[in-house]
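# Close look at the chain arrangement
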Amino acid sequence: LSLSPKAVGSLSLSPPKPPAMASRRGAPPLPLRLRRLLRSPISRCACFIVALTVLLVVLSLRQIARVDLPRSDLPHQVPNEQLWVSNGYGYHACVTPTHRYIGPIESDRYMTVRSNGGLNQMRTGICDMIAVARLVNATLVIPQLDKRSFWQDTSTFKDIFNEPGFIKALEGDVHIVSDLPESLQSAPRARKHFTSWSGASYYEDVKELWKDHKVVHVPKSDSRLANNGLPIDIQRLRCRCLYQALRFSDPIEDLGKKLVERLKSRGKFIALHLRYEKDMLAFTGCTYGLSESEADELRIMREKTSHWKLKDINSTEQRSGGNCPLTPHEVGMFLRAMGYTKSTWIYIAAGEIYGGDKYISKLRSYFPNLVSK
């Protein structure tokens, strides 16, 4: 809507006076020209639109005032649900408990554990058992390490790990003791294999075991709690166990530091775990590149190992599904493509490579400075 030039030109810039009909007694009447303008339909329409606009603006401002807009003076709220964060220079673990976390509650439940697998499996398994002990509110007895695995190692927990430091670091999370109390040494124990990938509700049901027994024994520690939707504070407890509490014993720490300094002394190096040992290939059924007799040898080993449940494996499907380790030759091609030079020292951190020099010679041709244990 627009006013005509004639109407615009006839508007007075002086302050408007009240209409004659609304003026007090004795007030001078409006000029004739202004009274004619106010009687114009266009003028009345324009005034209505202006009044309506003002009303809408006022109502809008009142509505905006009710909305909680962000305030610049308030601290930035960061979600507290991550396990890993980055400060721009790589990632570090979030191990601090959230504000909802509370300490352990006293109980008369005890849990004994036999860890299984290699050293890394036992480490993660022990931290899983710390999480389980917290979920069922049980006192954890220092785990027994696997002495029957492929490595046939007779070390105890305190030979490998700093036991007093382990107990002290987790005292605000889980009650841990070196041994069962004397009164429970010969007490009958319930025996329980935990179901892998179980959530927190599963362990609520497990608590029923302690109604009839003071002690529950767990024959294997690999309950695999890493990716099954556990509460954030239980996951952070696992992180505290792995990155703070479960430290190696002092002699191993000292020897490890010496080894690292010696590795660094020759220049750039890679500690390479090929995962190409005989038991690994037999367990996964990965026979790509092997001879027929070697594939048969691995199959027989798998069939004779009773605790390996999967016996009939299609090697081609395993490899195409990404479930097989790279061959030593493929690892050499990969490292070279990444830009590692021929002078790089390669330290093989795995066990004895299956097939020996027959399969490692290609990797050695790419990196002559190849050292095994």
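Scroll up to find the structure.
Predicted, not measured: the structure shown is a model, and the values here were computed from it. (Residues numbered from 1 in each chain as written. Predicted model: local features only at pLDDT ≥ 70, side-chain atom pairs only at ≥ 80, totals over all residues. Heavy atoms only, no water.)

### Some details on the pairing of strand β3 (residues 110-113)
Side chains Y110 and T112 project from β3 onto one buried face, and the interleaved M111 and V113 project onto a second face that is buried too. Relative to strand β4 (residues 139-141), β3 runs parallel, the two sharing two bridges. Note that in β4 the partner of M111 across the bridge is L140. Taking the sense of rotation as the criterion, the β-α-β connection linking β3, helix α4 (residues 119-136) and β4 turns out right-handed. Judged from the four bridges that link them, β3 and strand β7 (residues 215-218) form a sheet pairing that is parallel. Along β7, the bridge assignment pairs V113 with V218. (Buried < 20%, exposed > 50% of the residue type's maximum accessible area, 1.4 Å probe, protein only. Helix = DSSP H or I, 4+ residues; strand = E, 2+ residues; numbered from the N terminus. Pairing = 2+ DSSP bridges. Right-handed = clockwise from strand over helix to strand, strands pointing away.)

### Observations concerning the state of the cysteines
Going through the model one piece at a time under the given rule, you end up with two disulfides. At a sulfur-sulfur separation of 2.4 Å, the disulfide partner of C127 is C241. Residues C127 and C241 are joined through a disulfide that is left-handed, its torsion about the S-S bond being -80°. Note that C127 is positioned in helix α4 and C241 in helix α8 (residues 232-245), a separation of 114 residues in sequence. The side chain of C286 participates in a disulfide bridge whose partner is C324; the two sulfur atoms lie 2.0 Å from each other. One quick way to see it: the torsion about the S-S bond of C286 and C324 is about -85°, and its sign makes the bridge left-handed. Separated by 38 residues along the polypeptide, C286 in the loop between α10 (278-284) and α11 (292-304) and C324 in the loop between α12 (315-320) and α13 (328-337) bring together distant segments of the chain. Across the pair, exposure class does not vary: C286 and C324 are buried alike. Counting only the cysteines that form disulfides, in the order they appear in the protein, gives the pairing 1-2, 3-4. Free cysteine C239: the closest other cysteine sulfur is in C94, separated by 7.9 Å. A relative accessible area of 8% means that C239 is categorised as buried. (Disulfide = S-S within 2.5 Å.)

### A word on the environment of T341
Summarising the element assignment, T341 is placed in the loop between α13 and β9 (345-348). Residues T341 and Y366, spaced 25 residues apart in sequence, show a C-alpha to C-alpha distance of 8.6 Å.

### What about the sheet that holds strand β8 (residues 269-272)?
Here we have three strands laid out as an open sheet, ordered β8-β9-β10, and parallel in their pairing. Across the chains shown, the open sheet's two edge strands, defined by having one partner strand only, are β8 and β10 (370-371).

### Things to note about the sheet that holds β7
Ordered in space as β5-β4-β3-β7-β6, the five strands form an open sheet in which the pairing is parallel. Strands with a single pairing partner mark the edges of an open sheet, and in this sheet they are β5 (176-177) and β6 (189-191). Relative to the sheet, α4 contacts β3, β4, β5 and β7, its axis offset from that of β3 by approximately 165°. (Contact = heavy atoms within 4.5 Å. Axes fitted to C-alpha atoms, helices over the stretch in contact; angles between N-to-C directions.)

### Some thoughts on the packing of aromatic side chains
This model, assessed by the stated rule, comprises nine aromatic pairs. Residues F157 and F161 carry aromatic rings whose centres are separated by 5.1 Å and whose planes lie at 50° to one another, so their mutual orientation is tilted. The class for F157 is buried, based on a relative accessible area of 3%. In textbook terms, an aromatic cluster arises when at least three aromatic residues are bridged by ring pairs, as seen for F157, F161, F166 and F248. The ring of Y101 has R240 sitting right over it, with the charged end atom 5.3 Å from the ring centre. When the ring centre of Y288 is taken as reference, the NZ or CZ atom of R319 above it lies at 3.6 Å. (Phe/Tyr/Trp six-rings, centres within 6.5 Å; stacked < 30°, edge-to-face > 60°. Lys NZ or Arg CZ within 6 Å of the ring centre and 35° of its normal.)

### Section: the environment of E106
By the secondary structure assignment, E106 is in the loop between β2 (91-93) and β3. Given the relative accessible area of 66%, E106 is considered exposed. Sequence separation of E106 and V174 is 68 residues, and the distance between their C-alpha atoms is 9.7 Å. Not counting residues up to four positions away in its chain, the partners in contact with E106 are N137 and H175.

### Regarding the packing of α13 against helix α14 (residues 357-366)
Contact geometry of α13 with α14 gives a least axis separation of 7 Å together with a crossing angle of 15°. Here α13 lies roughly parallel to α14, going by the angle between them. Between α13 and α14 the crossing geometry is right-handed. Counting all contacts with α13, which are made through P328, H329, V331, G332, M333 and R336, the residues of α14 involved are Y359, I360, K362, L363 and Y366. When grouped by side-chain class, the residues that make up the contact of α13 with α14 number seven nonpolar, two polar and two charged. (Parallel < 35°, antiparallel > 145°, perpendicular 65-115°, else oblique. Left-handed = near helix turned anticlockwise from the far one by under 90°. Nonpolar A, V, L, I, M, F, W, Y, C, P; charged D, E, K, R; others polar.)

### Digging into α8
Its 14 residues place the ends of α8 18 Å apart at the C-alpha level, agreeing with the 20 Å of an ideal helix rising 1.5 Å per residue. With 12 of 14 residues buried, α8 lies mostly within the body of the structure. (Expected span 1.5 Å × (residues − 1).)

### Remarks on empty space enclosed by the protein
To find leftover empty space, a probe the size of one water molecule is rolled over the atoms. Considering all chains together, one arrives at one cavity of 30 Å³ or more under this definition. The calculated volume of the largest cavity comes to roughly 50 Å³. Around the largest cavity sit Y276, L281, C286, T287, Y288, R319, C324, P325 and T327, which together line it. (1 Å grid on protein atoms, 1.4 Å probe; cavity = no way out; pocket = protein on both sides within 12 Å on 5 of 7 lines; lining within 4 Å. Points joined across faces, edges and corners; volume = space filled by probe spheres on them.)

So yeah, pure geometry; function would need other evidence.
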